[in-house]
Number of protein chains: 2
Amino acid sequence: MSGSDRLIVIGGVAAGLSAASAARRCRPDMDIQVFEKQPYISYSACGIPFAISGQVSSFRDLIVFTPEEFRRQRQIDIATEHEVTEVFTARRVVRVKNLKTGEIRDMPYRFLVFSTGAVPVIPRIAGLKDMQGVFTVRTLNDGLAVSDYLERVPVKKALIAGSGYLGLEMAEAFARRGIETILAEAREQPLAEMDTYIGQSVLDICRKKNIGFMGSARIDGIEGDGIRIRSAVLSGGSRIDTDILILATGIRPNTELAQRSGIELDDRGAIKINRRMETNIPGVYAAGDCAQTYCSILGKPVYVPLGTTANKQGRIAGKNIGGKNVQFKGVTGTSIVTFFDMEISKTGLTETKAREYGFDPVVKAITHHTKAGYFKDAGQLWIKLTADRRTGRLLGAELAGTDAAKRVNIVSAALSARMSVADLTSLDLCYAPPVSPVWDPLLIAANELLKLLE
Amino acid sequence: MSGSDRLIVIGGVAAGLSAASAARRCRPDMDIQVFEKQPYISYSACGIPFAISGQVSSFRDLIVFTPEEFRRQRQIDIATEHEVTEVFTARRVVRVKNLKTGEIRDMPYRFLVFSTGAVPVIPRIAGLKDMQGVFTVRTLNDGLAVSDYLERVPVKKALIAGSGYLGLEMAEAFARRGIETILAEAREQPLAEMDTYIGQSVLDICRKKNIGFMGSARIDGIEGDGIRIRSAVLSGGSRIDTDILILATGIRPNTELAQRSGIELDDRGAIKINRRMETNIPGVYAAGDCAQTYCSILGKPVYVPLGTTANKQGRIAGKNIGGKNVQFKGVTGTSIVTFFDMEISKTGLTETKAREYGFDPVVKAITHHTKAGYFKDAGQLWIKLTADRRTGRLLGAELAGTDAAKRVNIVSAALSARMSVADLTSLDLCYAPPVSPVWDPLLIAANELLKLLE
């Protein structure tokens, strides 16, 4: 068995499959092998809350491609339930274990891609072990397990630890199923890394939708009936009855194997890569949530695990492996979450981050209707823009309300082009009364911010 | 009466009022006088079709500010139903006629702004004169006249000459009122300056909504019952029964007065201006639909009359009059129209225009769903991108379908930044399953176009 022209991908998630596919397009003859620990590959992990809520009819709909399709259409061999347990980088060999049979074998490679993704951060909670009804929501298997539990057990009350994007999505999913839901957040507000206005808006919706919110709430332990969870105990001693607990307390790069293999990690534990997606070891690449990404605003590596980035990084890795020479242009860090009718989004640096990175931030927030005001159904959008006082350069935006997605991407493009606030005010945005006011809210915010800079 | 520190604005439309307001912000002490021929100022002309359709409850809702508000809040004097009949640029004096009293007086100025807007192009149609039931839709008065006619006369059938943005909006408005509507278009397709796919999509909607479309149809004459229109006669001789005729056959700059006053016009009849909005005559500025605008893609003047540009140009003129020194950064030519559920939009150069201007256009069109495909209500969006083969530079986009507004502005920002197609592919756009696929349709189109360029 020769590895002289073989690419091995560790992890059948978006980044790895994008790398494999891009390499295949460049190199029709290359041997490409993907190993994935889980039984499923190529699915929309971000879609899981919507399958749980019932907005998406079946978990099966979340699967984009099967291993068979990859084999047939792209001649990419995918072995699921196969775990790579060792990487011998000096000999360019991986050791892989078939989780179904226990069989272990070594396979040589010429190129290796780490796309091992991220794993949930599990907070220290007494009693977690062997208790039914406690779930993370990361893999398709996780989603199926939650769904199965909801079918089997009469779940009337749900508790969600963490109120980031996933926490909010899961709260909405449970609320849509008529389950009495509480969010327990260790910090004071939901989405605490964002402006307090956004946290307040989320709280308003929670109230309307009858979702409980407990700030500064740390879950210390859980108690059950011997089989299943029945309540959670907060650090203050108070007890919350619940039939299910979702741990939505963040993720961290899944890089134990990489570290054991001598691949350099950064202080967040993410694999260090250059803009070609190369690690410190020749022939070894990394892409997606297990790796750093390049921030085009700061001009340096950051850890911003997002599906869009994972796909782009994978493609870059695959092209370089396939003989091209391409560099990742970087991200501005654009993300969005929907919470019922509200879109919450950001791109670039928040005011706090801007200060941390040595800028002198000037900010302006406005609220404006998102189509001509004389339309009765015109929604409201809150926009906060951050700029650098010294240079007038635009640094970031946070948005909450109607049609945030529509505007955040304009800011992202402006950030990629390193536009100033003055540049932003002069953008030629579309106008028709049913889709926007004649001065788009984004331009209104930019004009207001410009006044503070002049 | 001294004009030593007076700004006179001819035309109380968006551009003129923006100029007056911007000048006021810079110069609290300046005497500012606006003359407007029509009885109304500061209204959303673009909103008229939606007031006729009933989507906006009252024409009054379209009015943003009254003259009284301008006087009180900004100390700007606005005289409606006052027509400026002569401008003596050597003496810096305008002659103005009070249309209510017939009184004529001369008034000196230091600065003058032409914001006389555009007027409808009236095709040569026999029998137009003195026939009731024939309307243009440009001013608030026009809209009120149509509305009044619909109240007074039983209108069962409507004919619209022209199928540009206004023609489509009026067709939708009539169809929403249950009126049997026909679009008569001189060219073969609706929106003929756009890609034929868009024309076809419009025709599909016309069929669904029971709106007739006649291509290559020129109205030669109209016939009535002595008072009101009853039918139109096409150049081929065929006759179409109708109770109302809307002329939506384009607009032209309203510049007879400017021309008489020695202001230079371009070959489209638009007032020539530099990027400070100055005409060839010292102290005389122009802004809005009566004037040229600067195309940032071509780096030269074009005539693209749009409300968004009018507002920006007015502001630039006002700031320069107020003592600042600002230049208009130009437009990419972004426009949008909604036709029932479809958004149709473009920015930059179409393939045809690109060729006209000496580029070697490479194009790619795709159709893709605008949120994760597993959402049953995911809409479809068609995107066509145009780039220059030699340089790889992005030149323009045309879009039709769901959420076109969301994407066109990203392209507009990219065009402003003179991005290449490769730059566009690397934009960091937001992703969450309910608002977009993981690869936004725009990125998919850009990636496909990039393949053609590589």
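Predicted model, so just to flag it, every value in this text is computed and none were measured. (Residues numbered from 1 in each chain as written. Chains lettered and ligands numbered in written order. Predicted model: local features only at pLDDT ≥ 70, side-chain atom pairs only at ≥ 80, totals over all residues. Heavy atoms only, no water.)

**Quick look at the overall build of chain A**
Here comes step 1: The number of helices and strands found in chain A is 12 helices and 25 strands.
Here comes step 2: Expected size for 454 residues packed as a compact globule is a radius of gyration near 22 Å; at 23 Å, chain A falls within 12% of this value.
Here comes step 3: With respect to the three principal axes, the spread of C-alpha positions in chain A is 70 × 60 × 40 Å.
Here comes step 4: Taking all 454 residues of chain A together, the buried fraction comes to 59%.
Here comes step 5: By sequence separation, contacts in chain A at least 24 residues apart represent 62% of the contacts at least 6 residues apart.
Here comes step 6: When the accessible surface of chain A is totalled, it reaches about 18000 Å², and 47% of it is carbon and sulfur.
Here comes step 7: Separation between the mean location of the 58 positive side-chain charges and that of the 50 negative ones in chain A comes to 4 Å. (Helix = DSSP H or I, 4+ residues; strand = E, 2+ residues; numbered from the N terminus. Rg over C-alpha atoms; globule rule 2.2 N^0.38 Å. Buried < 20%, exposed > 50% of the residue type's maximum accessible area, 1.4 Å probe, protein only. Contact = heavy atoms within 4.5 Å. Areas by Shrake-Rupley, 256 points an atom, 1.4 Å probe, with all protein chains shown as cover. Lys, Arg positive; Asp, Glu negative; His and termini not counted. Charge placed at Lys NZ, Arg CZ, Asp CG, Glu CD.)

**Considerations on the sheet that holds strand 21 (residues 335–339) of chain A**
Residues and elements named next belong to chain A.
Here comes step 1: Here 5 strands make up an open sheet; going across it, the order is 21-22-25-24-23 and the pairing antiparallel. Unpaired on one side and paired on the other, strand 21 and strand 23 (361–369) mark the two borders of the sheet. Across the sheet, the mean angle from the axis of one strand to that of its neighbour is 10°, orientation sign disregarded.
Here comes step 2: Relative to strand 24 (residues 380–388), strand 23 runs antiparallel, the two being bridged by 9 bridges. Bridge assignment links Thr367 to a residue of strand 24, and that residue is Trp382.
Here comes step 3: Most of the contacts of helix 6 (residues 196–208) go to strand 22 (residues 342–348), to which it runs at about 160°, and overall it touches strand 21, strand 22, strand 23, strand 24 and strand 25 (394–401).
Here comes step 4: Its contacts with the sheet place helix 12 (residues 441–453) against strand 23 and strand 24, and it is angled at close to 145° to strand 23. (Pairing = 2+ DSSP bridges. Axes fitted to C-alpha atoms, helices over the stretch in contact; angles between N-to-C directions.)

**Topic: the nonpolar core**
Here comes step 1: Core analysis: the biggest nonpolar cluster contains 84 residues, and A:Leu385 and B:Leu385 have the highest contact counts within it.
Here comes step 2: One finds B:Ile52, B:Met170, B:Ala171 and B:Ala217 within the second-largest nonpolar core, a separate group that totals 62 residues. (Core = buried A, V, L, I, M, F, W, Y, C linked by side-chain atoms within 4.5 Å.)

**Notes on the interface of chain B and chain A**
Here comes step 1: Listed by partner, the interface residues are 59 residues for chain B and 58 residues for chain A.
Here comes step 2: Carbon and sulfur atoms supply 61% of the area buried between chain B and chain A, which totals about 5100 Å² over both sides.
Here comes step 3: Counting across the chain B and chain A interface gives 4 salt bridges.
Here comes step 4: With its nearest N and O atoms 3.9 Å apart, the salt bridge here joins B:Lys324 to A:Glu454. (Buried area = accessible area lost by both parts, 1.4 Å probe. Salt bridge = Lys/Arg side-chain N within 4 Å of Asp/Glu carboxyl O.)

**With respect to the relation of the copies chain B and chain A**
Here comes step 1: Turning chain B through 180° and shifting it by 0.0 Å along the axis lays it on chain A, with an RMSD of 0.0 Å. Taken together, the rotation and translation describe the operation of a two-fold axis.
Here comes step 2: By residue overlap, the copies meet face to face through one surface: 98% of the interface positions of chain B are interface positions in chain A. (Least-squares fit on C-alpha atoms with pLDDT ≥ 70 in both.)

**A look at the pattern of salt bridges**
Residues and elements named next belong to chain A.
Here comes step 1: This model, assessed by the stated rule, comprises 64 salt bridges over all chains.
Here comes step 2: A salt bridge links Arg27 to Asp5; its shortest N-O distance comes to 2.4 Å. Pair noted here: Arg27 is in the loop between helix 1 (14–26) and strand 2 (31–36) and Asp5 is in the segment before strand 1 (6–10), with a separation of 22 residues, a long-range link.
Here comes step 3: With its nearest N and O atoms 3.4 Å apart, the salt bridge here joins Lys272 to Glu264.
Here comes step 4: The structure contains a network of salt bridges with shared partners spanning Asp5, Arg27, Asp29 and Arg110.

**Looking at unusual backbone geometry**
Residues and elements named next belong to chain A.
Here comes step 1: If you check the backbone angles, Ser42 has positive phi at about 50° while not being a glycine.
Here comes step 2: Topologically, Ser42 is positioned in the loop between strand 2 and helix 2 (48–53).
Here comes step 3: Even without being a glycine, Phe340 presents a positive backbone phi close to 55°.
Here comes step 4: Mapping Phe340 onto the fold places it in the loop between strand 21 and strand 22.
Here comes step 5: Classification of Phe340 by relative accessible area gives buried; the value is 14%.

**Looking at the environment of B:Phe328**
Here comes step 1: Among the secondary structure elements, B:Phe328 is positioned in the loop between helix 8 (307–321) and strand 21 (335–339).
Here comes step 2: Spatially, the C-alpha atom of B:Phe328 lies 9.4 Å from that of B:Arg315, the residues being 13 residues apart in sequence.

**Section: helix 12 of chain A**
Helical geometry: 3.6 residues make up each α-helical turn, so side chains three or four residues apart lie on a common side.
Here comes step 1: Counted at 1.5 Å a residue, the expected span for helix 12 of chain A with its 13 residues is 18 Å, and the 19 Å between its end C-alpha atoms agrees.
Here comes step 2: By the burial criterion, the buried members of helix 12 of chain A are A:Pro441, A:Leu442, A:Leu443, A:Ile444, A:Ala445, A:Ala446, A:Asn447, A:Leu449 and A:Leu450.
Here comes step 3: The inward-facing, buried residues of helix 12 of chain A contact strand 23, strand 24, helix 10 (404–416) and helix 11 (421–425) of chain A together with helix 8 of chain B. (Expected span 1.5 Å × (residues − 1).)

**As for the pairing of strand 2 (residues 31–36) of chain B**
All names here are of chain B.
Here comes step 1: Here strand 2 lies mainly inside the structure; 5 of its 6 residues are buried.
Here comes step 2: Bridge count for strand 1 (residues 6–10) against strand 2 is 5 bridges, and the pairing is parallel. Looking at strand 2, one finds that Arg6 is bridged to Asp31.
Here comes step 3: Of the crossover connections in this fold, the one passing from strand 1 over helix 1 (residues 14–26) to the parallel strand 2 is right-handed.
Here comes step 4: Across 4 bridges, the pairing between strand 2 and strand 3 (residues 77–80) is parallel. Within strand 3, the residue paired with Gln33 across the bridge is Asp77. (Right-handed = clockwise from strand over helix to strand, strands pointing away.)

**Comments concerning helix 8 of chain B**
All names here are of chain B.
Here comes step 1: Between the first and last C-alpha of helix 8 there are 21 Å, a value that for 15 residues agrees with the 21 Å anticipated at 1.5 Å per step.
Here comes step 2: Among the 15 residues that make up helix 8, 12 are buried, leaving the element largely enclosed by the rest of the structure.
Here comes step 3: Turning to helix 8, its buried residues number three or more, namely Thr308, Thr309, Ala310, Asn311, Lys312, Gln313, Gly314, Ile316, Ala317, Gly318, Asn320 and Ile321.
Here comes step 4: Where helix 8 ends, the next residue or the one after it, Gly323, has phi of about 105°, a positive value.

**Thoughts on the environment of B:Arg218**
All names here are of chain B.
Here comes step 1: Its location among the elements puts Arg218 in the loop between strand 12 (212–214) and strand 13 (219–224).
Here comes step 2: Its relative accessible area of 51% is what places Arg218 among the exposed residues.
Here comes step 3: When the C-alpha atoms of Arg218 and Gly236 are compared, they prove to be 8.2 Å apart, with 18 residues separating the residues in sequence.

**Brief notes about the packing of aromatic side chains**
The description of two aromatic rings rests on the distance between their centres and on the angle between their planes.
Here comes step 1: Taken as a whole, this structure holds 14 aromatic pairs over all chains when the rule is applied.
Here comes step 2: With a centroid separation of 5.5 Å and 75° between ring planes, the pair formed by A:Phe65 and A:Phe70 is classed as edge-to-face.
Here comes step 3: Judged by its relative accessible area of 25%, A:Phe65 falls in the partly exposed class.
Here comes step 4: Taking relative accessible area as the criterion, A:Phe70 reaches 3% and is therefore assigned buried.
Here comes step 5: Ring geometry for A:Tyr197 and A:Trp382: centres 4.4 Å apart, planes at 15°, overall stacked. Residue A:Tyr197 is found in helix 6, and its partner A:Trp382 is found in strand 24; the two are separated by 185 residues along the sequence.
Here comes step 6: Three or more aromatic residues joined by ring pairs form one cluster here, namely A:Phe50, B:Tyr374 and B:Phe375.
Here comes step 7: For the cation-ring pair, B:Arg91 lies above B:Phe88, with the distance from its terminal atom to the ring centre recorded as 4.7 Å. (Phe/Tyr/Trp six-rings, centres within 6.5 Å; stacked < 30°, edge-to-face > 60°. Lys NZ or Arg CZ within 6 Å of the ring centre and 35° of its normal.)

**Quick notes on the packing of helix 1 of chain A against helix 8 (residues 307–321) of chain A**
Residues and elements named next belong to chain A.
Here comes step 1: Helix 8 packs onto helix 1 with a crossing angle of 35° between their chain directions and a minimal axis gap of 7 Å. The interaxial crossing formed by helix 1 with helix 8 has right-handed handedness. Counted together, Ala14, Ala15, Ser18, Ala19, Ala22, Ala23, Arg25 and Cys26 of helix 1 and Ala310, Asn311, Gly314, Arg315, Ala317, Gly318, Lys319 and Ile321 of helix 8 form the full contact between these two elements.
Here comes step 2: By residue class, the composition of the contact of helix 1 with helix 8 is 9 nonpolar, 4 polar and 3 charged. (Left-handed = near helix turned anticlockwise from the far one by under 90°. Nonpolar A, V, L, I, M, F, W, Y, C, P; charged D, E, K, R; others polar.)

**Concerning the sheet that holds strand 13 (residues 219–224) of chain A**
Residues and elements named next belong to chain A.
Here comes step 1: Reading across the sheet, the 3 strands line up as 13-14-15 and stay open at both edges, with antiparallel pairing between neighbours. Since the sheet does not close on itself, it has two edges, and those belong to strand 13 and strand 15 (239–241), each with one partner. Taking the axes of each pair of neighbouring strands and ignoring which way they run, one obtains an average angle of 25° across the sheet.
Here comes step 2: As paired strands, strand 14 (residues 229–234) and strand 15 are joined by 3 bridges and run antiparallel to one another. Paired with Val233 across the strands is Arg239, a residue of strand 15.

**Observations concerning the side chain of A:Lys312**
Here comes step 1: The residue A:Lys312 is located in helix 8 in this model.
Here comes step 2: In this view, A:Lys312 contacts A:Phe328, B:Thr425, B:Ser426, B:Leu427, B:Asp428, B:Trp439 and B:Leu443; residues no more than four positions away in its chain are not counted.

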